[in-house]
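# Structural overview for review
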Amino acid sequence: MPAYTPPLRDMQFVMHEVLKVTDEYKAMPRHAEVDVDTINAILEEGGKFAAEVTFPLNITGDEEGCTLDKATHEVRTPKGFKEAYAKYIEGGWPALSCDPEYGGQGLPIVVNQAFYEMLNSANQAWTMYPGLSHGAYEAIHAHGTDEQKKVYLPKLVSGEWTGTMCLTEPHCGTDLGLLRTKAEPQPDGTYRITGNKIFISAGEHDFVPNIVHLVLARLPDAPKGSKGISLFIVPKFHVKADGSLGERNGIYCGGLEHKMGIHGNATAQLVLEGAVGTLVGEPNKGLQAMFVMMNAARIGVGMQSLGLTEVAFQNALAYAKDRIQMRSLSGTKAKDKPADPIIVHPDVRKMLLTAKAYAEGGRALTMFCSLLIDRELHHPDAKVRKDAAELVALLTPIVKAFITDNGHIATNACMQVFGGHGFIKEWGMEQFVRDNRINMIYEGTNTVQSLDLLGRKVLGNQGATLKKFGKLVAQLVEEEGVNEKMAEFINPIALLGDQMTKFTTEIGFKGFQNPDEVGAAAVDYLRVAGHLVFGYFWARMAQVALREIAAGNTDPFYKAKLQTARFYFAKLFPETATLMRTARAGAKVLLDTDEALA
Ligand SMILES: Cc1cc2nc3c(=O)[nH]c(=O)nc-3n(C[C@H](O)[C@H](O)[C@H](O)COP(=O)(O)OP(=O)(O)OC[C@H]3O[C@@H](n4cnc5c(N)ncnc54)[C@H](O)[C@@H]3O)c2cc1C
């Protein structure tokens, strides 16, 4: 059976020693009173909830899965899931970072995201139910009418109702412009919505009495393509004027998908038969409104893989210290045992350190991103808010794709540490690999993320936002450029920063002549950008560790941090050279190959 210990020390390191979040919060009236002790106490409680309430349901939820009663269209979630959700509500957890105007606690996004990392380590399938609700809350909060906010937000904030996002249809996933679900305006200002949605996470379940579906559909006179899509709230049960539940609405679950992982989460086919909905935002501007939810969900998906990377690492590490096989190449280490623990073997250490470096790098990046969102929402200075929003937009595809790809590498490496015991179910490692796999696919595949990064967010504004991130790197280089002890961390990012400028211009130029060049380079490009960002955070973490050690701090945490930083720069970061080379190999070798694919 796997185990999980919330990584509170590392979270505190990133928040309080690297990012110094509470110093920043002093400038934000909403969070000015939030102090280190409050954050730590919440995370300690949150960690207990994850480790004690939802983690024990991870394997059982995977084995049991969800079941649909075809007669009633109701879905039963695995044993214990519903009760865990009741405890989640009882603890006030859904309200953590929500707006006090609607019953929220108004705490920073950083705190909520750190809590979500732990929930995802404990049980990704369960966490998706409240995770999607939070996304629905954000979309309605940003684009809903006053009436919609009044009816739906308090219930989503308290967790009494949950939310979904309904985009995908059988013939359209990536290309939402192909969407067919129809919305007919009614004389009373509502809409009757008809169509079929598939793959809807948490689309039906037994946690709560009502589900708030956010549905994309087309108005009768809508322009073709993605410019003719509108967003609607379609509740499972109608809501009466006094807030109580009315009749069942015409949206129901027609089937559940049988899938590779996240079995405890109900992935529903939803049938809409004249379901009554209300418009969110402006007609035909539904995609923009839904982007609030999609962007939150993209960062959320990165958090899912971060959580799985962490829990897989913890278990592989414990196993590698315990399992004995063969002797160390450099001579016996455990003389009292018939063989050495496998942690002595260089390649086992490489697999473990890969997972550790990706978990800790991912934690720094996602917390930084969350801090940027706090700035974007609550900083009094408009320029600071704008800069933060631009950086979040740049980093979102990196969080989504780089962290989930790393999660794939890391969970597989951790499974490998177990040898054959990783492949069988008993140790829980194969579930981490299976559960992580969807993170590379949904919320826009990682290829789509790379096109968003390179096409829209870098080339789309001539690299202006990338330069903003480049400035952060340049500042660190300037600060530490003469510090010999930092050279091993600073030199690689300074070099890559320069190379990225040339690399980006080169792809931009080739793409101008042939847009397929952008498509051919994008996935490699995102991974290079991911390493630039991770490299920056690893250098900052090494900087703090070096300072502490120089000041005489003997906490082994700092030595470990420094060693992991060294590993990251020596063994993982250098893949950027290969990636730039493969990106430069261009589109011709892909597109001239009809015969090869015949
Ligand atoms: C378990 C699960 C849960 C999900 N949850 C939800 C949910 O809650 N709500 C929801 O609306 N959807 C959900 N989805 C749907 C998910 O977001 C889509 O599956 C995903 O966006 C990809 O769409 P698709 O499956 O139709 O693949 P396609 O769009 O058909 O793509 C197939 C392949 O083509 C590639 N491709 C497509 N276009 C391009 C391009 N322009 N350039 C390069 N490559 C391209 C893709 O990257 C992919 O590799 C879920 C899916 C699953 C499996």
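This text follows the structure it describes.
The rules behind each value
- Residues numbered from 1 in each chain as written.
- Predicted model: local features only at pLDDT ≥ 70, side-chain atom pairs only at ≥ 80, totals over all residues.
- Heavy atoms only, no water.
- Axes fitted to C-alpha atoms, helices over the stretch in contact; angles between N-to-C directions.
- Helix = DSSP H or I, 4+ residues; strand = E, 2+ residues; numbered from the N terminus.
- Parallel < 35°, antiparallel > 145°, perpendicular 65-115°, else oblique.
- Left-handed = near helix turned anticlockwise from the far one by under 90°.
- Nonpolar A, V, L, I, M, F, W, Y, C, P; charged D, E, K, R; others polar.
- Salt bridge = Lys/Arg side-chain N within 4 Å of Asp/Glu carboxyl O.
- Buried < 20%, exposed > 50% of the residue type's maximum accessible area, 1.4 Å probe, protein only.
- Near = heavy atom within 4 Å.
- Polar contact = N/O pair within 3.5 Å; in protein donor to acceptor, adjacent residues only side chain to side chain.
- Areas by Shrake-Rupley, 256 points an atom, 1.4 Å probe, with all protein chains shown as cover.
- Contact = heavy atoms within 4.5 Å.
- Patch = residues over 30% accessible without salt bridge, like charges linked within 9 Å, V, L, I, M, F, W, Y side chains within 5 Å.
- Pairing = 2+ DSSP bridges.

At a closest axis distance of 8 Å, the pairing of helix 9 (residues 346-378) and helix 10 (residues 382-417) adopts a crossing angle of 160°. The angle between the axes of helix 9 and helix 10 places the two elements in the roughly antiparallel class. Where helix 9 crosses over helix 10, the two elements pack in a sense that is left-handed. Of the residues that constitute the contact of helix 9 with helix 10, the class distribution is 24 nonpolar, five polar and three charged.

Counted by the stated rule, this structure contains 37 salt bridges. Taking the shortest distance from any N to any O, the salt bridge between Lys425 and Glu430 comes out at 3.6 Å. A residue is classified by how much of its surface remains accessible, and Lys425, at 47% relative accessible area, is partly exposed. Of the charged contacts, one joins Arg584 and Glu506 as a salt bridge, the two residues approaching to 2.7 Å between their closest N and O atoms. Within this pair, whereas Arg584 is found in helix 18 (residues 575-584), its partner Glu506 is found in helix 15 (residues 487-513), the two being separated by 78 residues in sequence. Using a relative accessible area of 35% as the deciding quantity, one classes Arg584 as partly exposed. Residues joined in a network through salt bridges with shared partners are Asp10, Glu117, Glu310, Lys356, Glu360, Arg363 and Lys561.

Further remarks concern the site of the ligand. Residues in contact with the ligand amount to 20 residues; listed here are only the nearest, Thr168, Thr174, Phe199, Ser201 and Thr445. Met165 places a main-chain nitrogen or oxygen 2.8 Å from a nitrogen atom of the ligand. Ser201 places a side-chain nitrogen or oxygen 2.8 Å from a nitrogen atom of the ligand. Against a free-state accessible area of 980 Å², the protein chains account for coverage of 63% of the ligand. Every element with two or more residues in the shell around the ligand is listed here: strand 3 (161-166), strand 5 (191-201) and helix 13 (446-458).

For the pair helix 1 (residues 8-18) and helix 9, interaxial distance at closest approach is 10 Å and the crossing angle is 45°. As summarised for this structure, helix 1 and helix 9 are arranged oblique, according to the angle between their axes. Considering how the two elements wind past one another, helix 1 and helix 9 form a crossing that is right-handed. Across the interface between the two elements, Asp10, Met11, Val14 and Met15 from helix 1 touch Glu360, Arg363, Ala364 and Met367 from helix 9. Broken down by class, the residue content of the contact of helix 1 with helix 9 amounts to five nonpolar, no polar and three charged.

The next thing to look at is a nonpolar patch on the surface. Together, Val589, Leu590 and Leu591 give the surface a local cluster of nonpolar side chains, amounting to about 290 Å² of exposed area. Topologically, Leu591 is positioned in helix 19 (residues 588-591).

Direction of pairing for strand 8 (residues 237-239) relative to strand 9 (residues 245-248): antiparallel, over a ladder of two bridges. Across the sheet, Phe237 pairs through a bridge with Arg248, a residue of strand 9. What sits between strand 8 and strand 9 in their antiparallel hairpin is a turn of five residues, with Gly243 showing a positive phi close to 90°.

All right, on to unusual backbone geometry then. One non-glycine residue, Ala202, lies in positive phi territory at about 55°. Here Ala202 is to be found in the loop between strand 5 and strand 6 (210-217). On the basis of relative accessible area, Ala202 is assigned to the buried category, the value being 1%. Positioned with a positive phi, Glu443 is a non-glycine residue whose angle comes to about 65°.

What is shown is where atoms sit, not what they do.
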